[in-house]
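What follows is each chain in one-letter form.
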Amino acid sequence: MAAKNILVTGGTGYIGSHTVLQLLQEGFRVVAVDSLYNSSEVAINRVAELAGDAKKNLVFEQVDLRDREALNKVFASTKFDAVIHFAGLKAVGESVQRPLLYYNNNLIGTITLLEVMAAHGCKNFIFSSSATVYGWPKQVPCTEEFPLSAANVYGRTKLIIEDMCRDIHKSDSDWNIIFLRYFNPVGAHPSGEIGEDPRGIPNNLMPFVQQVAVGRRPALTVYGSDYSTKDGTGVRDYIHILDLADGHLAALKKLFQDKSIGCEVYNLGTGKGTSVLEMVAAFEKASGKKIPLIMADRRPGDAEIVYASTEKAEQELNWRAKYGIEEMCRDQWNWASKNPYGYEAAESES
Ligand code: NAD
Ligand code: UFG
């Protein structure tokens, strides 16, 4: 059987690059597109190196999804069996300060993509949604049926895209759509060659911790120590990036096997909650580095405890996370110690 062709948008980004590698390792042919707005081409070059012989099955194109002409060319060059759509802007604080940038990029990018897909007869779609759509959940674990809400502009773009997809499927049942609601992806490929490399000051916990560990920042600010949790700090469901990438392979399999899937949603998390202080302790152990802490007020908009119910993904996708926080911290540190400034050094060499 001929290898299936997958279009990956946002393919040079953190989650995209790890997923592209796994797709290649599983024998898929991949076209990755990215505007490089928040990522480096070095990432996809490293993916190609890690893929060995399978690198012949990888093409990268620098394309902004809002550029319909460029996107049409990509679809004219290859008949895609499915699209995995990672491309989007994701900084919560920035989304509140610059709403039009986020609505323009995330919504117009996705609408253009869906229109071009339909025009070329590709109606298999996997979308990166987020646990942010659960807002401040009234109870945990979060199941896929929980009420949805948007606490910020970024979250609203996720909700709008989910709603749009539900409407598209209602109007045309040829579409097969899966939303994957990610909890908190962390860690890196065990090779230490690819990992998360945010531009500017990191918003998220582990990229910040990693930059403290390599000496780029003096201390971690812990946002809130008066939550009703085991040690007063916020609790999240951290998931190893390898497990998260693997969840996409499972979703793709489901999409190809179950032609009547319609429009479905799955959480990708571990089902376990870990506090900020527990995560810091695990990272200190893995790295041998002390992370100085500054205890501060709660960050506006942050929920107290968020973790996933993993039952649906386990039962219907036959997928579950394999790794724990020790492996997440070990691989995060391996990436950080090999690439203290992310892809920057490799960028200036090329
Ligand atoms: P990332 O920023 O590393 O990757 C996203 C990529 O999309 C970047 O490489 C960026 O350059 C590209 N991009 C943005 N707008 C584009 C456009 N208009 N056209 C083409 N490319 C464009 O982020 P990530 O962590 O890999 O996240 C991937 C997806 O998963 C995003 O949609 C994000 O919202 C979602 N998500 C991420 C997390 C997380 O914690 N990392 C959690 C939940 C959901
Ligand atoms: N935290 C700190 N200090 C920091 C950064 C974070 O104490 O410098 C704390 C937060 O208060 C929270 C925990 O660490 O308790 C995790 O924070 P992150 O910012 O890493 O993750 P969030 O769960 O707040 O949000 C992230 C993404 C969202 C996404 C959500 C679920 O930023 O976009 O995960 O996927 F929606």
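Colleague: Before we move on, could you go through unusual backbone geometry and cite the residues and values that matter?
Modeller: P141 follows V140 through a cis peptide bond whose omega is 0 degrees. Residue placement: P141 occurs in the loop between β5 (124-130) and α6 (153-171). Non-glycine residue L36 carries a positive phi angle of around 65 degrees. Structurally, L36 can be placed in the loop between β2 (29-34) and α2 (41-51). Accessibility expressed as a relative area gives 16% for L36, which makes it buried.

Colleague: Lay out the site of ligand 1 with the relevant residues and their values.
Modeller: Around ligand 1 there are 27 residues in total, and D34, N38, S39, K90 and Y154 lie nearest to it. At 3.1 Å from a nitrogen atom of ligand 1 is found a main-chain nitrogen or oxygen belonging to S35. For ligand 1, an oxygen atom lies 2.6 Å from a polar atom in the side chain of S39. Taken by itself ligand 1 offers 820 Å² of open surface, and the protein chains cover 95% of this. Secondary-structure elements contributing two or more residues to the shell around ligand 1 are α1 (14-25), β5 and α6. Broken down by element, the shell around ligand 1 gets its largest block of residues, 3 residues, from β5. Of the residues that constitute the shell around ligand 1, the class distribution is 12 nonpolar, 11 polar and 4 charged.

Colleague: Describe in detail α6, supporting the description with residues and values.
Modeller: In this model, α6 (19 residues) spans 27 Å end to end at C-alpha, consistent with the 27 Å of a helix rising 1.5 Å per residue. When we look at burial in α6, the residues that qualify are V153, Y154, G155, T157, K158, L159, I161, E162, M164, C165 and H169. Sitting at the amino-terminal end of α6 is N152, which places a side-chain oxygen 3.3 Å from the backbone nitrogen of Y154.

Colleague: Which residues make up the nonpolar core, and what are the values?
Modeller: If you look at the biggest cluster of nonpolar residues, it comprises 48 residues, and the most contacted ones within it are I6, V20, L23, L58 and L252. Among all residues touching L58, those that are not within four sequence positions of it are V20, L24, V30, A32, I44, V47 and A48. If you look at the next biggest cluster of nonpolar residues, it comprises 26 residues, including V31, L113, M164 and I177.

Colleague: Requested: an account of the site of ligand 2, with residues and values cited.
Modeller: The environment of ligand 2 is made up of 21 residues, and the closest members are S130, N204, T221, R236 and D302. Contacts to ligand 2 include S130, whose side-chain N or O atom sits 3.3 Å from an oxygen atom. Here an oxygen atom of ligand 2 sits 3.0 Å away from a polar atom, N or O, in the main chain of Y182. In isolation ligand 2 has 680 Å² of accessible area, and contact with the protein removes 89% of it. Sort the elements by how many residues they give to the shell around ligand 2 and strand β8 (residues 220-223) lands first, with 4 residues. Here the residues of the shell around ligand 2 sort into 11 nonpolar, 7 polar and 3 charged.

Colleague: For the sheet that holds strand β6 (residues 176-182), give the residues involved together with the corresponding values.
Modeller: With respect to topology, 7 strands assemble into an open sheet ordered β3-β2-β1-β4-β5-β6-β11, the strand pairing being parallel. Each having just a single partner strand, β3 (58-62) and β11 (263-268) make up the two edges of the open sheet. Each neighbouring strand pair of the sheet contributes to a mean axis angle of 20 degrees, computed without reference to strand direction. Across the sheet, α6 is in contact with β5, β6 and β11; its angle to β5 comes to roughly 155 degrees.

Colleague: With reference to specific residues and values, describe helix α9 (residues 276-287).
Modeller: End to end, α9 covers 16 Å across 12 residues, agreeing with the expected 16 Å (1.5 Å per residue, within 8%). Among all positions of α9, only V276, M279, V280, A282, F283, E284 and S287 are buried. Backbone geometry just downstream of α9 places G288 in the positive-phi region, at approximately 70 degrees.

What counts and how
- Residues numbered from 1 in each chain as written.
- Chains lettered and ligands numbered in written order.
- Predicted model: local features only at pLDDT ≥ 70, side-chain atom pairs only at ≥ 80, totals over all residues.
- Heavy atoms only, no water.
- Helix = DSSP H or I, 4+ residues; strand = E, 2+ residues; numbered from the N terminus.
- Buried < 20%, exposed > 50% of the residue type's maximum accessible area, 1.4 Å probe, protein only.
- Near = heavy atom within 4 Å.
- Polar contact = N/O pair within 3.5 Å; in protein donor to acceptor, adjacent residues only side chain to side chain.
- Areas by Shrake-Rupley, 256 points an atom, 1.4 Å probe, with all protein chains shown as cover.
- Nonpolar A, V, L, I, M, F, W, Y, C, P; charged D, E, K, R; others polar.
- Expected span 1.5 Å × (residues − 1).
- Core = buried A, V, L, I, M, F, W, Y, C linked by side-chain atoms within 4.5 Å.
- Contact = heavy atoms within 4.5 Å.
- Pairing = 2+ DSSP bridges.
- Axes fitted to C-alpha atoms, helices over the stretch in contact; angles between N-to-C directions.

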